[in-house]
Amino acid sequence: MERVELECFLILAAELHFGRTADRMRLSRARVSQLVQRLERRIGAPLFVRTSRRVALTALGRQLRDDLEPHHRAVEAAVARATAAARGIKRGIKGVLHVGFSSPPAGEVVMRAAEALRISHPELGVEICEVPFSDPFGQLRNGEFDVQLTELPVREDDLGEGPTLLTEERVLAISSRHPLAAGEKVLLEDLADVLLLTIDGELPDYRLEHHVPARTPSGRPIGHGPAVTNMQEALLLVAGGKGALLSAAHTARVLHPARRRVHSVRRRRPHRIRLGMAGRGRHQRRPDLRANGA
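Residues numbered from 1 in each chain as written. Predicted model: local features only at pLDDT ≥ 70, side-chain atom pairs only at ≥ 80, totals over all residues. Heavy atoms only, no water.

Caption draft 1: Quick peek at the overall build of the protein. Secondary structure assignment for the protein yields nine helices and 12 strands. Within the protein, the proportion of its 294 residues that are buried is 44%. If you take every contact in the protein between residues at least 6 apart in sequence, the share linking residues at least 24 apart comes to 71%. With an accessible surface of roughly 15,100 Å², the protein has 50% of that area assigned to carbon and sulfur atoms. (Helix = DSSP H or I, 4+ residues; strand = E, 2+ residues; numbered from the N terminus. Buried < 20%, exposed > 50% of the residue type's maximum accessible area, 1.4 Å probe, protein only. Contact = heavy atoms within 4.5 Å. Areas by Shrake-Rupley, 256 points an atom, 1.4 Å probe, with all protein chains shown as cover.)

The structure is reproduced here in structure tokens:
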């Protein structure tokens, strides 16, 4: 999934005019049309109604626009913060802390902590970046991140795990057109009736089973759908009815009403996702954002 496709879709959704969209993107009209068609092929359905006189969003197109806009604004804000950080380095910042985050709720915690650090330690720069689904610990291991806020547990021989900083309810994000979306809740046994999006990458077995379980508690097989590499791609496929996603409740809220809680039949209470810090080395001091005002 290319970012230019998503930008083209959002601009065209706002302008509803291929010429103005082409002008804003500094592309030809033919290139804009190609990008839209390519995205529609990925989704599997038209996003726009085109005639010789007008361009309009389909119902699916409107839903996708509503789902994508919060993420697009967050990306633009992140770029603005990065630009400001770069200017700060030129003004004499002495060091930079690189922090990874695994999901939108984790990103919000990291950003609050980063703002607190900038106030209390103006000489310290903070750079944050989202961790890809496909490689949850690679950037931490190779030194691109100093610490990482991620889903717990972290059962890696070379990584240390800090305490739980927050918990969120685990939900099933699913297209509003799926039969399960008509109910008030979804049980873990109901996962046998959906296709869960898989993750494109080499994940540890415990991590893969957490995100994409193979069976329900009673042993019924759970079907697996297309593989994804990041959250934005996953939400696009969910909105298009291509699969379902087990996720934190905060993440699923960006989907049009396509979200339902996932409950454990055995424990009879909502599943919770735990988030905490991870760092290199099992014997190092446990990383903890709370010490920095998170």
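Caption draft 2: Inspection of empty space enclosed by the protein at higher detail. Counted by the stated rule, this structure contains two cavities of 30 Å³ or more. Taken as a whole, the largest cavity holds about 270 Å³ of empty space. Within the residue set of the lining of the largest cavity, elements represented by two or more residues are strand S5 (147-151), strand S8 (195-199), helix H7 (205-211) and strand S10 (245-248). For the lining of the largest cavity, the element with the most residues is S10, which contributes four residues. Class assignment for the residues of the lining of the largest cavity results in 13 nonpolar, eight polar and three charged. (1 Å grid on protein atoms, 1.4 Å probe; cavity = no way out; pocket = protein on both sides within 12 Å on 5 of 7 lines; lining within 4 Å. Points joined across faces, edges and corners; volume = space filled by probe spheres on them. Nonpolar A, V, L, I, M, F, W, Y, C, P; charged D, E, K, R; others polar.)

Caption draft 3: Expanded view of the pairing of strand S9 (residues 223-228). Judged from the four bridges that link them, S8 and S9 form a sheet pairing that is parallel. When the bridges of S9 are listed, Thr198 appears paired with Ala227. Traced from S8 through H7 to S9, the parallel crossover comes out right-handed. (Pairing = 2+ DSSP bridges. Right-handed = clockwise from strand over helix to strand, strands pointing away.)

Caption draft 4: Quick peek at unusual backbone geometry. Across the junction of Leu152 and Pro153, the peptide omega takes the value 5°, indicating a cis bond. Tracing the backbone through its elements, the reader meets Pro153 in the loop between S5 and strand S6 (159-173). At Arg26, a residue that is not glycine, the phi angle is positive and equals roughly 60°. Along the polypeptide, Arg26 turns up in the loop between helix H2 (18-25) and helix H3 (29-43). Take Arg26: its relative accessible area is 79%, and that puts it in the exposed class.

Caption draft 5: Quick look at the side chain of Thr58. Along the chain, Thr58 turns up in the loop between strand S2 (55-57) and helix H4 (59-90). The exposure class of Thr58 is buried, given its relative accessible area of 15%. Setting aside chain neighbours within four positions, we find Thr58 in contact with Pro46, Leu47, Phe48 and Val49.

Caption draft 6: Structural detail: the side chain of Glu40. As for its position among the elements, Glu40 is in helix H3. In this structure Glu40 comes out as buried when scored by relative accessible area, which is 10%. Setting aside its immediate chain neighbours within four residues, Glu40 contacts Ala45, Pro46, Leu47, Phe48 and Arg50.

Caption draft 7: Quick look at the nonpolar core. By size, the foremost hydrophobic cluster in this structure holds 25 residues, and its most contacted members are Leu172, Ile174, Leu191, Val194, Leu196 and Leu245. If you list the elements that add at least two residues to this core, you get S6, S8, helix H8 (231-239) and S10. In terms of residue count, the dominant contributor to this core is H8 (five residues). Among all residues touching Leu191, those that are not within four sequence positions of it are Leu172, Pro213, Ile222 and Leu246. Grouped together as the second largest cluster of nonpolar side chains are 23 residues, Leu6, Cys8, Ala13 and Leu47 included. (Core = buried A, V, L, I, M, F, W, Y, C linked by side-chain atoms within 4.5 Å.)

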